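Each chain is listed here by its residues.
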Amino acid sequence: MKLLSAIKKDMEFNANLYNLLEVLKEIAIAQYRILEKKVKKFDDIYAALDSIQAMFKISESKHPILNTADKQPGIIALTSDAGLLGGLNMSVMSQAIKEGERVKGKLYIIGEKGEMYAKESGLPYVTFKGVSDETKVAQAQELRDYIFKEALNGRIGELKIVYPQALSIVSQQVKIQQLIPFASLSATAIRKKETVVPASVILESPVDDIVEYCTYLLLGYNFLQVFNMARLAELSARFIHLESSKTKIEQLNKDLRLQYFRQRHELVDKNMRELFAARLAFK
């Protein structure tokens with residue numbers, strides 16, 4: 001049984017830890033709100049690319065980026081090296097490994113923590129360092145160049161990316177998005193902007209070059225967009241984890257207070273009994 005002094009010290013420590021978690025939670029909320037306002041979804045780019053597909057008959061192109069049959073699929077898994085994320089990284093890697101096993105693909109892991117799960121999967125994989133706010137633009141360009149070269153050289157065919165997406169400050173989901181070949185835009189984007197196909201188009205460049213350039217641009221845009229979405233999910237997961245930790249500390253401190261007052265009352269009762277017994281013995 002703990003001494004009263006030890007219980008009181010634990011209660012003071014938990015109170016300080018609770019206050020620290022509250023500060024960290026408020027920081028996570030503030031960062032989430034700021035980034036949420038900065039992140040923009042440019043759905044018009046998909047409408048534009050869909051128009052290009054229709055005008056130039058890209059579907060008839062023989063470019064290797066569009067013809068992914070008989071090539072090993074690639075799956076990019078975006079994880080975070082930050083802490084206080086709960087099971088977010090595990091959820092992303094579970095989906096990526098499941099998809100990789102289904103198509104017998106190659107994993108491209110972003111973040112060192114994701115590598116731990118990839119080692120156990122038995123799938124071939126390549127790792128990249130985790131994304132940081134200061135270098136995410138450069139990292140998106142670096143990843144785009146690497147993946148684009150892999151696709152041009154025929155080392156990967158169909159490419160998907162698995163990443164966390166924040167639905168709100170209190171919920172996230174793991175999303176799988178196809179990057180190569182270019183997936184047709186959603187019905188929502190089509191309704192926003194109707195595709196107008198001219199009767200004839202004069203091309204100054206071969207269709208394959210247009211396909212290559214559009215894919216190159218789209219990859220860079222998608223990687224930066226996904227990095228921002230994953231960062232929002234990271235802040236959301238951190239908020240939930242901190243809130244859960246606060247609840248556990250509250251319950252722990254409640255139990256400690258009950259233990260503290262119970263032992264204190266027992267000690268007071270014991271002292272009173274001993275004092276009463278001593279007075280009787282003295283008489």
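Given the structure is predicted, the values throughout are model-derived calculations rather than measurements. (Residues numbered from 1 in each chain as written. Predicted model: local features only at pLDDT ≥ 70, side-chain atom pairs only at ≥ 80, totals over all residues. Heavy atoms only, no water.)

Student: It is not clear to me how the environment of Gln173 should be interpreted in this structure. Could you clarify?
Tutor: Within the secondary structure, Gln173 sits in strand β5 (residues 171–180). For Gln173, a relative accessible area of 35% corresponds to the partly exposed category. As for Gln173 and Tyr163, which are separated by 10 residues in sequence, their C-alpha atoms are 8.6 Å apart. (Helix = DSSP H or I, 4+ residues; strand = E, 2+ residues; numbered from the N terminus. Buried < 20%, exposed > 50% of the residue type's maximum accessible area, 1.4 Å probe, protein only.)

Student: Explanation requested: the environment of Val211 in the structure shown.
Tutor: Note on placement: Val211 falls in helix α7 (residues 207–282). A relative accessible area of 3% places Val211 in the buried class. Residues Val211 and Ile65 lie 146 residues apart in sequence; the distance between their C-alpha atoms is 8.1 Å.

Student: Help me understand the packing of helix α5 (residues 136–152) against α7 in this model?
Tutor: Between α5 and α7, whose axes approach to 9 Å, the crossing angle comes to 140°. Compared by their axis directions, α5 and α7 come out oblique. Seen from above, α5 lies across α7 with right-handed handedness. Where α5 approaches α7, its residues Lys136, Val137, Gln139, Ala140, Leu143, Arg144, Asp145, Ile147, Phe148 and Leu152 are matched on the opposing element by Glu212, Thr215, Tyr216, Leu219, Gly220, Phe223, Leu224, Phe227 and Asn228. (Axes fitted to C-alpha atoms, helices over the stretch in contact; angles between N-to-C directions. Parallel < 35°, antiparallel > 145°, perpendicular 65-115°, else oblique. Left-handed = near helix turned anticlockwise from the far one by under 90°. Contact = heavy atoms within 4.5 Å.)

Student: Any chance you could explain unusual backbone geometry here in plain terms?
Tutor: For residues besides glycine, phi is generally negative; the peptide bonds are generally trans as well. Of the consecutive residues Ile180 and Pro181, the connecting peptide bond is found in the cis state with omega at -10°. Summarising the element assignment, Pro181 is placed in the loop between β5 and α6 (187–192). Phi is positive for Asp70, which is not a glycine, with a value near 65°. Examined against the element boundaries, Asp70 turns out to sit in the loop between α2 (44–56) and β1 (74–78). Judged by its relative accessible area of 87%, Asp70 falls in the exposed class. A positive phi is found at Lys104, a non-glycine position, where the angle reads about 55°. By the secondary structure assignment, Lys104 is in the loop between α3 (88–103) and β2 (106–110).

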